[in-house]
Amino acid sequence: MAVPVAFFALFFAYPVTAIVGRGLKAGGDWQFGRIGDVLARPDILDVLWFTTWQALASTALTLLIALPGAYVFARFDFPGKQVLRAVVTVPFVLPTVVVGTAFLALLGRGGLLDELWGVRLDTTVWAILLAHVFFNYAVVVRTVGGLWSQLDPRQEEAARVLGAGRFAAFRRVTLPALAPAVAAAALMVFLFTFTSFGVVQILGGPAYSTLEVEIYRQTAQLLDLPTAAVLTLVQFAAVGAILAVHAATVRRRERALKLVDPAQTSRRPRGAGQWALLGGVLLTALLLILLPLGVLVERSFDGPGGYGFGYYEALQSVGAGGSSTFLVPPLEAVGNSLRYALVATLIALVIGGLAAAALTRRAGRLVRGFDALLMLPLGVSAVTVGFGFLITLDKPPLDLRTSWILVPLAQALVGVPFVVRTMLPVLRAVDDRLREAAAVLGASPLRAWREVDLPLVRRAVLVAAGFAFAVSLGEFGATVFIARPDNPTLPVAVARLLGRSGELNYGQAMALSTILMLVCAVSLLLLERIRTDRSGEF
């Protein structure tokens, strides 16, 4: 536990505490009265209200649209099912900047809806809600569908034999069994949408602001650290409560249910109703997931002189079309992101692997507190972490403000929880008697780990690496502060291009987003090929 604790203390607790302390201190004294002053401001209350109700609306809309898909993936067997499962999961690993860009190409000025019917939905709440459904569709399909596929259908069939109608049997038998999974999925979606940043920043315009966006605005644009510190504490408290409820829901699901092999519950659709349901889910996937991504790709090739590679070619030069957005060719962001993500993945695997190994010893409050520590980066604004890096890691012996390693360190903080959650179930499944036998035969602890644990968890390590790589590749909130102008990452480069007017900047943003989408999709497809049955589910 020593190395992960030191890593989180130095690169998470220290920067976050410093930025919050600087905001709440004046003349060396704590000014806790600022919390009430900030929360009493009408503009801040509007931000809190919008953050909460859009997260609730996004969660309800996602459940409404995704639950039929969860049923189809759980109960139906049809050609192309695995490919479609990978396709609907692609949005979840996409950076939020790419999601926002894709919906901007579909719903924004000059987008598909604007060209066909003269309708624009960007800078409206509907664009934000639809983008959140797009992003979180796979969370519901995987969380609820994974459990649904393991419920014994004979229980519902028995209820129907005893006279219950189809809906009554579902409501009284299946729904209570699914309720913990539905609640867990809803809480996860609410968490992701409550902390939404890139989607709201790109699609919401100045009229809409979530807590995360407001923290960024107060920190980077207004330099109002007291307000940003208060909002950080509010977000941390809210997300902490959400994670606590989520953990309790997951534990309830694991205790209450007896599951069967998914292969026993899946069959081909029967009857017109089931085929219609399958067709509806396929149509939803086409319109909700494939269409925005397809429009994004189409816009990246649609240049002023017709379709071609003009925007991609412009990525190779500095100041194309008179633009001074970058100090280096935007295409260099691809190499930068790949290098940063690879280093961040390595760091996340080392820190997360050690943490998962420590957590296999289920004993006492110390281990439970350590487990909670690993999840903290999901509950604190990435903007706060990034800005905290700048004001704390600027003095020897840790003067890293101009070092390239700062970006992978911030990205690794987000990757570690994914590594731990992927590796921990597999490590706990390893029989301790195998390690004991190796020790009796004279193996050192290191050799026992290499000869016993590593062969059994190798596939989980690869899955964890895939998740950490995809998450690191798309990290934006912290990276936007610490990425150097001459070494931008792909999400930062896309945001910069979208922040400037001009058709060329817009087209280059589409091209860079397409490249980032393809890299993430390839990572996910490779992950799907190597994942285990258990570790591949959310």
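Along each chain, the written sequence defines residue order, and numbers are assigned to residues from 1. With the structure being a predicted model, the display of local features is reserved for residues of pLDDT at least 70 and the display and counting of side-chain atom pairs for 80 or more, all residues being used for whole-chain, interface and lining totals. As a convention, hydrogens and water are excluded, and side-chain values are obtained from all of the structure's heavy atoms.

A. How the structure looks around the overall build of the protein chain. The helix and strand tally for the protein chain stands at 23 helices and 6 strands. The accessible surface values rely on the Shrake-Rupley method and a 1.4 Å probe; as for residues, cover is taken only from the protein chains in view. In the structure as shown, the protein chain presents an accessible area of about 24,000 Å², 64% of it carried by carbon and sulfur atoms. Runs of H or I in DSSP of at least four residues are treated as helices and runs of E of at least two as strands, each being numbered from the N terminus.

B. View of the pattern of salt bridges. By definition, a salt bridge exists where a carboxyl oxygen of Asp or Glu is found within 4 Å of a side-chain nitrogen of Lys or Arg. Following the criterion strictly, the structure yields 5 salt bridges and no others. A salt bridge links Arg 299 to Glu 115, with the shortest nitrogen-to-oxygen separation between them at 3.4 Å. Of the two residues, Arg 299 sits in helix H13 (residues 271–301) while Glu 115 sits in helix H6 (residues 112–117), which places them 184 residues apart along the sequence. A simple rule labels every residue: compare its accessible area, found with a 1.4 Å probe on the protein chains alone, to the largest value its type can have, and call it buried under 20%, exposed over 50%, or partly exposed in between. By relative accessible area, Arg 299 is classed as buried at 7%. As a salt-bridge pair, Arg 217 and Glu 214 come within 2.8 Å of each other at their nearest N and O atoms. Here the residue Arg 217 and the residue Glu 214 both occupy positions in helix H11 (residues 211–221), the gap between them amounting to 3 residues, near one helical turn. Within the structure, one salt-bridge network assembled from shared partners comprises Glu 115, Glu 298 and Arg 299.

C. Seen up close, the confidence of the model for the protein chain. Looking at the protein chain, pLDDT values average 81 and 90% of them are 70 or higher. The pLDDT value tells you how sure the predictor is about a given residue, anywhere from 0 up to 100. Averaged pLDDT values over the elements of the protein chain bottom out at 68 in strand S1 (residues 25–26) and peak at 93 in helix H3 (residues 42–75). Residues are treated as being in contact if the distance between any of their heavy atoms lies within 4.5 Å. Overall, residues 532–538 carries pLDDT values under 50, and its contacts beyond four positions in sequence, including any with other chains, amount to 18 contacts.

D. Just H13, in detail. The span one expects for a helix is its residue count, reduced by one, times 1.5 Å. Taking 1.5 Å as the rise per residue, H13 with 31 residues should run 45 Å; its terminal C-alpha atoms sit 43 Å apart, in good agreement. The quantity called bend is, for any residue, the angle between two axes fitted respectively to the seven residues ending at it and the seven beginning at it. Bending of H13 peaks at approximately 45 degrees at the position of Leu 290, with proline Pro 292 no more than four residues after it. The set of residues buried in H13 consists of Gln 274, Leu 278, Val 281, Ala 285, Leu 288, Ile 289, Pro 292, Leu 293, Val 295, Leu 296, Arg 299 and Ser 300.

E. Representation of the nonpolar core in the model. Buried residues of nine kinds, namely Ala, Val, Leu, Ile, Met, Phe, Trp, Tyr and Cys, make up a nonpolar core once their side-chain atoms join them within 4.5 Å. Ranked by internal contacts, the top residues of the largest apolar core, which has 158 residues, are Phe 7, Leu 94, Leu 203 and Phe 389. Considering each element in turn, this core owes the most residues, 16 residues, to helix H7 (residues 125–148). Leaving out residues up to four positions away in the same chain, Phe 7 has contacts with Phe 12, Ile 347, Ile 351, Leu 409, Ala 412 and Leu 413.

F. Representation of a nonpolar patch on the surface. Patch definition: residues above 30% relative accessible area lacking any salt bridge, with like charges linked at up to 9 Å and the nonpolar side chains Val, Leu, Ile, Met, Phe, Trp and Tyr linked at up to 5 Å. Taken together, the side chains of Leu 283, Leu 286, Leu 287, Leu 290 and Leu 291 define a hydrophobic patch exposed on the protein surface, amounting to about 420 Å² of accessible area. With respect to the secondary-structure elements, Leu 283 resides in helix H13.

G. Fine view of unusual backbone geometry. Its identity as a non-glycine residue notwithstanding, Leu 223 has a phi of 55 degrees, on the positive side. Looking at the element boundaries, Leu 223 is found in the loop between H11 and helix H12 (225–256).

H. Broad picture of the packing of aromatic side chains. Only the six-membered ring of Trp is used, alongside the rings of Phe and Tyr, when aromatic pairs are assigned; centres must lie within 6.5 Å, and planes under 30 degrees apart are stacked while those over 60 apart are edge-to-face, with the rest tilted. Summed over the entire model, instances satisfying the criterion amount to 18 aromatic pairs. Taking the centre distance of 5.4 Å and the plane angle of 75 degrees together, the rings of Tyr 71 and Phe 76 count as edge-to-face. With relative accessibility at 22%, the residue Tyr 71 sits in the partly exposed group. Judged by its relative accessible area of 0%, Phe 76 is buried. A ring pair is formed by Phe 301 and Phe 309, whose centres lie 5.3 Å apart and whose planes are at 85 degrees; its orientation type is edge-to-face. Overall, Phe 309 belongs to the exposed group, its relative accessible area being 56%.

I. Here's a closer look at the environment of Glu 156. Its location among the elements puts Glu 156 in helix H8 (residues 153–161). Residues Glu 156 and Phe 170 lie 14 residues apart in sequence; the distance between their C-alpha atoms is 6.8 Å. With sequence-adjacent residues up to four places away left out, Glu 156 is seen in contact with Arg 166, Ala 169, Phe 170, Val 173 and Thr 174.

J. Highlighting the side chain of Thr 514. Position of Thr 514 among the secondary structure elements: in helix H23 (residues 503–530). Apart from the residues within four sequence positions on either side, Thr 514 is in contact with Leu 296, Val 297, Ser 300 and Tyr 312.

K. Expanded view of the side chain of Ser 58. If you trace the backbone, Ser 58 turns up in helix H3. Sequence-distant contacts of Ser 58, that is, excluding residues within four places in its chain, are made with Leu 129, His 132, Val 133, Val 189 and Thr 193.

L. Here's a closer look at the packing of H3 against helix H9 (residues 166–194). To define axes, lines are fitted to C-alpha atoms, for helices over the stretch in contact only, and angles between the resulting N-to-C directions are given on a 0 to 180 degree scale. H9 packs onto H3 with a crossing angle of 135 degrees between their chain directions and a minimal axis gap of 8 Å. By the angle between their axes, H3 is oblique relative to H9. Note that H3 runs across H9; the crossing there is right-handed. Judged by residue contacts, Thr 51, Thr 52, Gln 54, Ala 55, Leu 56, Ser 58, Thr 59, Thr 62, Leu 63 and Leu 67 of H3 engage Val 182, Ala 186, Val 189, Phe 190, Thr 193 and Phe 194 from H9. An angle counts as roughly parallel when it lies under 35 degrees, as roughly antiparallel when it exceeds 145, as roughly perpendicular when it falls between 65 and 115, and as oblique in every other case. Take the far helix as the reference: if the near one is turned anticlockwise from it by less than a right angle, the crossing is left-handed, and if turned clockwise, right-handed.

M. Just a positive patch on the surface, in detail. For this count, His and the chain ends are skipped, Lys and Arg are scored as positive, and Asp and Glu as negative. For the purpose of locating charges, the reference atoms are NZ of Lys, CZ of Arg, CG of Asp and CD of Glu. Residues Arg 160, Arg 166, Arg 267 and Arg 270 make up a contiguous surface patch of positive charge. Tracing the backbone shows Arg 267 in the loop between H12 and H13.

N. The arrangement of the environment of Thr 489 in detail. As for its position among the elements, Thr 489 is in the loop between helix H21 (479–482) and helix H22 (490–498). Overall, the relative accessible area of 1% leaves Thr 489 in the buried class. Sequence separation of Thr 489 and Val 334 is 155 residues, and the distance between their C-alpha atoms is 7.0 Å.

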